[in-house]
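Notes for the structure review
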Amino acid sequence: MFAIKRALKLNNREASLMAKHAGFRRVVFSGLSLRTQMYGRVKLSDSKVINELNKVLTNHIKKQPEFAWMNQLSSRVYQNALIDLKDAFNRYRSSKWGNPTCASRRDGQSFTVDSSSPLVVLNAGNTIKIPTLGTFQGHEPLECGFVAQTFTRSKEGSRWFVSFCVDAERLPVQQLQESVGRDLGIRAFATLSEAEGSNNQVFDAPKPLKQAKTKLAILQRKASRQVKGSKNQRKTYNKISRVHSRICGIRKEFLQKLTTPTVKTFKLIKMGDVNVKGRMANHKLDLAISELGFYEFRRQLEYKSKMYGANLVLVAQWFPSSLTCSNCGSKQDMPPSH
């Protein structure tokens, strides 16, 4: 199973409809605050809390005049929002995440819909059929037909995307080389050193945030001088979000193009376990480190290694890999110039 993501072409009416559905999901997800108001210190299971919230939403809230707009939207939105809320409770119980909090628009706009009974057949081409919402035009065509059931709509910058999962078997990949070592740094994002030879490859990461720093400062200063909540200020904030979305896209594209060829080429990948939090304690380097995306690079290597059958080994952060000779294994002192 793997995910497919496509950008959609939406007119103003369709974009407004997507924003309403995202707001619907936030209202439902924020219903967790009713738990304290309704039950106080009474201990109930998470399933009972979700069921009670569903009853309150269906029998009381949706019948109020101020929430009549909910009846005009897809009911699958709030059903999936309750599922997300239950998953958030499960993650909290397993100590993987903190206590669920009310959803905010600042956290992003997204919602999920699904087809209750039959699977949705997506034909090749520029159109994508989304259950309970309709058919929309995509910026990129689907290369072939797919079958899916759950669709997630999300907004990045000023563009709406749709993501869905399909069941498929990935073709096996035969790695041609045995092993490789990767060293991460600030000057050079990644240095690839082959174990069988002395060839080194250096990959410099793009600096989209550094390049857009002046433009962001101008837009943020402009927004601070405009009337709070006005249409002009909203337009300026939309421009800022588009710049941030472009920065994020450039960084993700670089990491994807760097990690995929690595796991397809080498059977064994060795990489230092970088202490990102410790390095960011240095206020002179925190911005440069946060711009690179070390954690995302490691995350992609981890799941892609399992996907393509490669083996990823994390070397301890205090292991003197730069001081150890790759041929004889002897340790040497670092020259003062380094």
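It should be emphasised that the depicted structure is a prediction, and the values quoted were computed from it without experimental measurement.

With respect to the nonpolar core
- Counting residues in hydrophobic clusters, the biggest one holds 38 residues, and the most contacted among them are Phe-111, Leu-122, Ile-130, Phe-151 and Phe-164.
- Ranked by residue count, the leading element in this core is helix 4 (residues 75-93), at seven residues.
- If sequence neighbours within four positions are ignored, Phe-111 has contacts with Met-18, His-21, Ala-22, Arg-25, Val-77, Leu-133, Phe-151, Thr-152, Arg-153 and Trp-160.
- In terms of nonpolar packing, the next biggest core, distinct from the first, is built from 22 residues, Phe-266, Ile-269, Leu-301 and Ala-310 among them.

Regarding the pattern of salt bridges
- One pass over the full model with this rule turns up seven salt bridges.
- Its salt-bridge partner being Lys-5, residue Glu-156 comes within 2.4 Å of it at the nearest N-O pair. One end of the pair, Glu-156, is in strand 7 (residues 150-156); the other, Lys-5, is in strand 1 (residues 2-9), and 151 residues separate them in sequence.
- Salt-bridge contacts for Asp-114 lead to Arg-76; the nearest nitrogen and oxygen are separated by 2.8 Å. One end of the pair, Asp-114, is in strand 2 (residues 110-114); the other, Arg-76, is in helix 4, with 38 residues separating them in the sequence.

Description of a nonpolar patch on the surface
- The grouping of Leu-119, Val-121 and Val-147 at the surface amounts to a nonpolar patch, some 270 Å² of accessible area in total.
- Mapping Leu-119 onto the fold places it in the loop between strand 2 and strand 3 (120-122).

Let's talk about the packing of helix 3 (residues 46-59) against helix 4
- At a closest axis distance of 10 Å, the pairing of helix 3 and helix 4 adopts a crossing angle of 155°. Judged by the angle between their axes, helix 3 and helix 4 are roughly antiparallel. The interaxial crossing formed by helix 3 with helix 4 has right-handed handedness. Contact with helix 3, carried on its side by Asp-46, Ser-47, Ile-50, Leu-53, Asn-54, Leu-57 and Thr-58, involves Tyr-78, Gln-79, Leu-82, Leu-85, Lys-86, Phe-89, Asn-90 and Arg-93 of helix 4 and no other residues of that element.
- Split into classes, the residues belonging to the contact of helix 3 with helix 4 amount to seven nonpolar, five polar and three charged.

Here we look at the environment of Gly-125
- Along the chain, Gly-125 turns up in strand 4 (residues 125-130).
- Taking the C-alpha atoms as reference points, Gly-125 and Glu-143, separated by 18 residues in sequence, lie 6.9 Å from one another.
- The contact partners of Gly-125, leaving out residues within four places of it in the chain, are Pro-141 and Leu-142.

So, how was this worked out
Residues numbered from 1 in each chain as written. Predicted model: local features only at pLDDT ≥ 70, side-chain atom pairs only at ≥ 80, totals over all residues. Heavy atoms only, no water. Core = buried A, V, L, I, M, F, W, Y, C linked by side-chain atoms within 4.5 Å. Buried < 20%, exposed > 50% of the residue type's maximum accessible area, 1.4 Å probe, protein only. Helix = DSSP H or I, 4+ residues; strand = E, 2+ residues; numbered from the N terminus. Contact = heavy atoms within 4.5 Å. Salt bridge = Lys/Arg side-chain N within 4 Å of Asp/Glu carboxyl O. Patch = residues over 30% accessible without salt bridge, like charges linked within 9 Å, V, L, I, M, F, W, Y side chains within 5 Å. Areas by Shrake-Rupley, 256 points an atom, 1.4 Å probe, with all protein chains shown as cover. Axes fitted to C-alpha atoms, helices over the stretch in contact; angles between N-to-C directions. Parallel < 35°, antiparallel > 145°, perpendicular 65-115°, else oblique. Left-handed = near helix turned anticlockwise from the far one by under 90°. Nonpolar A, V, L, I, M, F, W, Y, C, P; charged D, E, K, R; others polar.

Function cannot be read off these values alone, since they describe shape.
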